[in-house]
Amino acid sequence: MRQLIEQQILPRVTKPIRYQGNEFNSVHKDWGKAQVRMAFAFPDLYEVGMSHLGLQILYGLVNDREDLLLERVFAPWTDMEDLLRRHNLPLFSLESYRPLRDFDILGFTLQYEMSFTNILNMLDLAGIPLRAAERSDSFPLVVGGGPCAYNPEPLADFFDFFVIGDAEEVLLEIMDTAKAFKQGPSGRIAKGDFLAEISRVRGIYVPKFYEVSYNASGGIEKIEPVNPRVPAKVVKRVVKDLNTAYFPTKPIVPFADTVHDRVMLEVLRGCTRTCRFCQAGMIYRPVRERDQETLLKQAKELVRNTGHEEISLTSLSTADYSCVQPLITSLMEEFKNEMVGISLPSLRVDAFSVDLAKEIQKVRKTGLTFAPEAGTQRLRDVINKGVTEENLMEAVAGAFAAGWTTIKLYFMIGLPTETKEDVAGIAELAYKVLKKGKEILKEQKSKKSLKVTVSVSSFVPKSHTPFQWVAQDPVVMLQEKQQYLKSLLKDRHITYNYHDARLSFLEAVFAKGDRKLGQVLETAWAKGCKFDSWSEYFKYETWLEAFRECGIDPEFYAYRRPGFEETFPWEHLHTGVSKKYLFEEYQKALQAELTKDCRLDRCPGCGVCGDLNVKLLLQRRGKGGAL
Ligand code: SF4
């Protein structure tokens, strides 16, 4: 198969490197010697998937074990798909060019709801029946993990099981269990027995062992396990201490022109700033920081093993790392002779972040991005952003003064309680930033040209957040707000981008959806929906047709305002953060009342530390770093 693909298929597709899989540090194991073989599937293109840290972590973790094997597969672009189908070839893994159905386990990472149809497409291309119930033992087990696994119900029919939480905590346990259930001369896994066993492991959710009943209004009455041996609530798995957890210091070096040319050093996991719209802030709690010594050691190994010249300090908010300043100083000192640069992918809206950026960016050609999220203070308080206009103006002034001339501001529209003034506030803020830039450039007698980009997305209510009780704004209303803002942003120095509100609507439907949506996904996929997040492939009308054919109203999921008592489709999956706490946060939002970060203040009792028996792991408390 490899020969056929290399000689006849790859020369005819765009970017053949997406499918070659022979990168530096990729692992090619003896297929025959591995006792459990898993393919890690990313339901988007190679260049998107290869910048995903989770893939690198799991790839290294499994392949470090002699008896196990993990290979990769990405969604093929449509030209590749056409050729595979025309030649009747199945989707294959990058390392061994083996058909996916030869693997024991096929694991999908679920990063974004709008890639769900790509999952079905990949299964179909692999010749694997879509529905779990139709797959005999001769097909791989299909497992999902990642953020969308916290409400995997729209995918429940297609998956055998899901991992809730930090996958590196549980993956080896899963594969060892699989090994124990391999049977017969074909060596396939006895799925029934395996699933019965694995369903009792913490963090594992086997949807077929849970029954969902609905009430007369179409909401959920209850979700119950069908047998007493599986837990009523599946509790997430959590890495308690990142210092002792596995971290790959020999990551695959992707073909350079497709992804960012840098290594990722994860400095901390979790965020407790409590932005009320943010799902990551709730599901990845609590905050766990790596110690500086470990980070320095890992950084040295990463650079030595990859040859990369840039280290990206990754996390949800790296400037919050309590020792960020000393860490950056030691990294810069360590690599000063090797010309290795440091970068921060996420900046907070404050002068401290700008100082950090200044320190690490020798060449200031790239722009800076700040995310005030909302245009007025009232609305920023509603979402608990914890940022004032003063913070923003101070930060941009610092950035302009330090030589940056391109600033990107990121906002959301359609946030709960939003008024016309809040939308107009976005434009006002953009003009203030521009004015500040002009003043500073004038003082510096600089002739450089300024560029302020206002990037606006539409709010999507997500499961496990205080805003899970919120109804999304109707598409037409979001479009009106987008146009209103457009009419206010008329300066040639301001660029205005906004996302397709119809895509955000579907995202909300699947983010809050239940099991009934499985048939819609299958119908939409059969009608040709895939790569939905790529505008050239997004077929909104086809999606609406699929909903109509299935007799399901998508507005029911996106526009309804559920009560506190309502059972959510994800109620049986527990992040450790209590529903009571989330509801209190929602009430506080309506009063524009703030909640402080528990790293700085008392614990407001989200519940995760007690419930999961974990604790905040900070290198330094109190002042210093961002704290
Ligand atoms: S339980 Fe308290 S300390 Fe722990 S993450 Fe939640 S709010 Fe913070």
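As shown above, the structure is provided for reference.
It should be emphasised that the depicted structure is a prediction, and the values quoted were computed from it without experimental measurement.

Overview of the pattern of salt bridges
For the structure on display, the rule yields 51 salt bridges. When the shortest N-O distance is used, the salt bridge between arginine 72 and glutamate 23 registers 2.8 Å. Of the two residues, arginine 72 is situated in strand β2 (residues 68-74) and glutamate 23 in the loop between α2 (17-20) and β1 (36-42); the sequence distance between them amounts to 49 residues. Glutamate 23 matches arginine 72 in its accessibility class, with the two residues each being buried. Here aspartate 30 makes a salt bridge to lysine 33, at a shortest N to O gap of 3.9 Å.

Focus on the site of the ligand
In the vicinity of the ligand, the residues found are Thr272, Arg285, Cys598, Cys603, Pro604, Gly605, Cys606, Gly607, Val608, Cys609 and Leu616. Looking at side-chain class alone, the shell around the ligand contains seven nonpolar, three polar and one charged residues.

As for the sheet that holds strand β19 (residues 451-458)
Taken in spatial order, the four strands line up as β17-β18-β19-β20 in an open sheet, and their pairing is parallel. Each edge of the open sheet is held by one strand with a lone partner, namely β17 (368-373) and β20 (494-498). For this sheet the average axis-to-axis angle between neighbouring strands, irrespective of direction, equals 20°. Two elements, β19 and β20, share five bridges in a ladder whose sense is parallel. Bridge pairing in β20 links valine 456 to tyrosine 498. Across the sheet, helix α16 (residues 475-488) lies against β18 (406-413), β19 and β20, angled at about 175° from β20, the strand it touches most.

A closer look at the sheet that holds strand β4 (residues 141-145)
Strand-to-strand pairing in sheets goes through backbone hydrogen bonds, with the strands running parallel or antiparallel. With respect to topology, six strands assemble into an open sheet ordered β2-β1-β3-β4-β5-β8, the strand pairing being mixed. Taken across any chain shown, the strands that pair with only one partner, and hence form the sheet edges, are β2 and β8 (204-205). Where strand β5 (residues 161-163) and β8 come together, two bridges link them in antiparallel fashion. Its bridge partner lying in β8, phenylalanine 162 is registered against tyrosine 205. Most of the contacts of helix α4 (residues 53-63) go to β2, to which it runs at about 150°, and overall it touches β1 and β2. Strand contacts of helix α6 (residues 116-125): β1, β2, β3 (105-109) and β4, with the helix running at about 155° to β3, the strand carrying the most contacts.

Remarks on empty space enclosed by the protein
Going through the model one piece at a time under the given rule, you end up with five cavities of 30 Å³ or more. Of the pockets and cavities examined, the largest cavity occupies roughly 120 Å³. Lining the largest cavity are 14 residues, and of these Lys512, Tyr557, Arg560, Glu566 and Pro569 sit closest to its centre. For the lining of the largest cavity, the per-class residue count stands at seven nonpolar, three polar and four charged. Volume-wise, the second largest cavity comes out at about 70 Å³. Forming the boundary of the second largest cavity are Arg18, Tyr19, Tyr46, Val73, Phe74, Ala75, Pro76, Met80, Leu84, Leu91, Phe92 and Leu94. Going through the elements one at a time, α2, β2 and α5 (78-86) are the ones with two or more residues in the lining of the second largest cavity. A per-class count over the lining of the second largest cavity returns eleven nonpolar, no polar and one charged.

A few points about the packing of aromatic side chains
Here the structure, examined in full by the defined rule, presents 31 aromatic pairs. Between tryptophan 77 and tyrosine 537, the ring centres sit 5.3 Å apart and the planes meet at 90°, which makes this aromatic pair edge-to-face. Residue tryptophan 77 is found in the loop between β2 and α5, and its partner tyrosine 537 is found in the loop between α18 (517-526) and α19 (540-550); the two are separated by 460 residues along the sequence. The buried category is assigned to tryptophan 77, whose relative accessible area is 13%. Between tryptophan 469 and phenylalanine 568, the ring centres sit 5.6 Å apart and the planes meet at 65°, which makes this aromatic pair edge-to-face.

Let's talk about the nonpolar core
Grouped together as the largest cluster of nonpolar side chains are 184 residues, with contacts concentrated most on Ile105, Phe108, Ile174, Ile311, Leu313, Phe370 and Trp543. Among the elements that take part in this core, helix α15 (residues 420-443) stands out by supplying nine residues, more than any other. What isoleucine 105 contacts, discounting residues up to four positions off in sequence, is Val36, Arg37, Met38, Ala39, Pro140, Leu141, Val143, Ile174, Met175, Ala178 and Ile189. In terms of nonpolar packing, the next biggest core, distinct from the first, is built from 26 residues, Ala374, Trp469, Tyr581 and Val614 among them.

A short note on the packing of α16 against helix α17 (residues 501-511)
In contact at an axis separation of 9 Å, α16 and α17 are set at 140° when each is read in the N-to-C sense. As summarised for this structure, α16 and α17 are arranged oblique, according to the angle between their axes. In this structure, α16 meets α17 at a crossing whose hand is right-handed. In this structure, α16 contributes Val475, Leu478, Gln479 and Gln482 to the contact, and α17 contributes Ala501, Arg502 and Phe505. Here the contact of α16 with α17 is composed, by residue class, of four nonpolar, two polar and one charged.

A closer look at the environment of valine 48
Among the structural elements, valine 48 can be located in helix α3 (residues 46-49). For valine 48, a relative accessible area of 34% puts it in the partly exposed group. Separated by 26 residues in the primary sequence, valine 48 and phenylalanine 74 have C-alpha atoms spaced 9.1 Å apart. For valine 48, the contacting residues outside a window of four places in its chain are Phe42 and Trp534.

Some remarks on the state of the cysteines
Scanning all chains against the criterion turns up zero disulfides. There is no disulfide at cysteine 271, and the cysteine sulfur nearest it, in cysteine 275, is 6.4 Å away. Overall, the relative accessible area of 12% leaves cysteine 271 in the buried class.

Concerning the packing of α4 against helix α7 (residues 171-180)
Contact geometry of α4 with α7 gives a least axis separation of 10 Å together with a crossing angle of 45°. One element, α4, and the other, α7, form an angle in the oblique class. Where α4 crosses over α7, the handedness of that crossing is right-handed. Two secondary-structure elements touch here, α4 through Leu58, Leu61 and Val62 and α7 through Leu171, Leu172 and Met175. A per-class count over the contact of α4 with α7 returns six nonpolar, no polar and no charged.

Quick look at α16
For α16, which comprises 14 residues, the first-to-last C-alpha distance of 20 Å matches the rise-based estimate of 20 Å (1.5 Å per residue) to within 8%. Within α16, the full set of buried residues consists of Val475, Leu478, Lys481, Gln482 and Leu485. Projection of α16 onto a plane perpendicular to its axis shows the buried side chains occupying an angular sector of 125°, all on one side. Opposite the packed face of α16, turned more than 90 degrees from it, sit the exposed residues Val476 and Glu480. At its buried positions, α16 is contacted by β18, α15, β19, β20, α17 and α19.

Cut-offs applied
Chains are numbered independently. Their residues run from 1 in the order of the written sequence. Only residues with pLDDT of at least 70 are given local features in this predicted model, and only at 80 or more are side-chain atom pairs given and counted; all residues enter the totals for whole chains, interfaces and linings. Heavy atoms from the whole structure form the basis of all side-chain values; hydrogens and water molecules are not counted. Every case where a carboxyl oxygen of Asp or Glu lies within 4 Å of a side-chain nitrogen of Lys or Arg is listed as a salt bridge. Only runs of H or I of at least four residues qualify as helices and only runs of E of at least two qualify as strands under DSSP, and these elements are numbered from the N terminus. Type-normalised accessible area, obtained with a 1.4 Å probe on protein chains alone, sets the label of each residue: buried when under 20%, exposed when over 50%, and partly exposed for intermediate values. If a single non-hydrogen atom of a residue is within 4 Å of a molecule or strand, that residue counts as near it. Side-chain classes are defined by residue name, with Ala, Val, Leu, Ile, Met, Phe, Trp, Tyr, Cys and Pro counting as nonpolar, Asp, Glu, Lys and Arg as charged, and the others, Gly among them, as polar. Pairing between strands is defined by DSSP: at least two bridges between them are needed. Every axis corresponds to a line fitted to the C-alpha atoms, with the helix fit spanning only the stretch in contact, and the corresponding angles, defined between N-to-C directions, vary from 0 to 180 degrees. Only heavy atoms enter the contact rule, under which two residues are in contact if any of them lie within 4.5 Å. Method remark: on a 1 Å grid restricted to protein atoms, a set of points is classed as a cavity if a 1.4 Å probe fits but cannot get out and as a pocket if it is open with protein on both sides within 12 Å along at least five of seven lines; lining residues have an atom within 4 Å of a point. Grid points are joined across faces, edges and corners, and a volume is the space filled by probe spheres set on the points. Within 6.5 Å between ring centres, the rings of Phe, Tyr and Trp (the latter by its six-membered ring) count as paired, and their orientation is classed by plane angle as stacked under 30 degrees, edge-to-face over 60, tilted in between. Only buried Ala, Val, Leu, Ile, Met, Phe, Trp, Tyr and Cys residues count toward a nonpolar core, and they belong to the same one when joined by side-chain atoms within 4.5 Å. Put simply, angles under 35 degrees are roughly parallel, angles over 145 are roughly antiparallel, angles from 65 to 115 are roughly perpendicular, and the rest are oblique. For a crossing to be left-handed, the near helix must be turned anticlockwise from the far one by less than a right angle; the clockwise case is right-handed. Here, the term disulfide refers to a pair of cysteine sulfur atoms separated by no more than 2.5 Å. The span you would expect from a helix comes to 1.5 Å times its residue count less one. Starting at the helix axis, one direction is taken to each C-beta atom, and the arc is that of these directions.

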